[in-house]
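Residues per chain, in single letters:
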Amino acid sequence: MRRGWIALATALTLWAGGATGALACRFAPAKDPVSHLARADVAFVGRVIGTRPIRGREGEIETRFQVTRTLKGPAAPVRLVQQNTTTTCGDVDFRPGQTVLVLAVKVEGRLATSTMLRPQFPVADYERAARLRQ
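The model shown is predicted, which means the values in this text are computed figures rather than measured ones. (Residues numbered from 1 in each chain as written. Predicted model: local features only at pLDDT ≥ 70, side-chain atom pairs only at ≥ 80, totals over all residues. Heavy atoms only, no water.)

Student: What should I look at first to understand the pairing of strand S4 (residues 99-107) in this one?
Tutor: It is a general feature of regular strands that their side chains alternate between the two faces of the sheet. Two elements, strand S1 (residues 42-53) and S4, share 6 bridges in a ladder whose sense is antiparallel. Looking at S4, one finds that Phe-44 is bridged to Val-102. Bridge count for S4 against strand S5 (residues 110-112) is 3 bridges, and the pairing is antiparallel. Paired with Val-107 across the bridge in S5 is Arg-110. Taken together, S4 and the strand that follows it, S5, pair antiparallel across an intervening segment of 2 residues, in which Glu-108 is found at a positive phi of about 50 degrees. (Pairing = 2+ DSSP bridges. Helix = DSSP H or I, 4+ residues; strand = E, 2+ residues; numbered from the N terminus.)

Student: When you look at the sheet that holds S1 in this model, what are you seeing that I'm missing?
Tutor: Backbone hydrogen bonds hold the strands of a sheet together, and the pairing may be parallel or antiparallel. The mixed closed barrel is built from 5 strands, whose spatial order is S1-S2-S3-S5-S4. Each adjacent strand pair in this sheet contributes to an overall mean axis angle of 55 degrees, direction not counted. Where strand S2 (residues 60-72) and strand S3 (residues 78-84) come together, 7 bridges link them in antiparallel fashion. Across the sheet, residue Arg-64 finds its bridge partner in S3, namely Leu-80. The sheet strands contacting helix H3 (residues 123-133) are S1, S2 and S4, and the helix crosses S2 at an angle near 65 degrees. (Axes fitted to C-alpha atoms, helices over the stretch in contact; angles between N-to-C directions. Contact = heavy atoms within 4.5 Å.)

Student: Would you take a moment to explain the packing of aromatic side chains for this structure?
Tutor: Geometrically, a pair of aromatic rings is defined through the distance of the ring centres and the angle of the planes. A complete count under the given rule lists 3 aromatic pairs for this structure. Centre to centre, the rings of Phe-44 and Phe-65 are 5.3 Å apart; their planes meet at 75 degrees, and the pair counts as edge-to-face. With Phe-44 in strand S1 and Phe-65 in strand S2, the pair connects residues that are 21 residues apart, well separated along the chain. Within the aromatic cluster, the residues linked to one another by ring pairs are Phe-44, Phe-65 and Phe-94. (Phe/Tyr/Trp six-rings, centres within 6.5 Å; stacked < 30°, edge-to-face > 60°.)

So this is what it looks like as structure tokens:
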């Protein structure tokens, strides 16, 4: 009988830990492109040049983009954006050669993105939202 209680307690602990992890990553989806763009410090469309691990920072990678157009923030021909790959919140997958819209925030002077900033609307909608901000 004691083994049954231990198994139940272990299962509940694992379930609660899993639920907590999932809840920690939940966020309110953006209502519209204007409010979603407002969450970002920088927004641009760019082609992925490549990714690399960040030395000394386990589970973090940096992606280099050739910027084709800037929607928000200062223009730059190349952007480096960091992502954390160890959490579901940081799960943003960029592949070399891919052209994507990137929404990023400044963290300690560097740009970073996450699932919360993953585009939820067509690029044209973000471009209209950017024009409204001007």
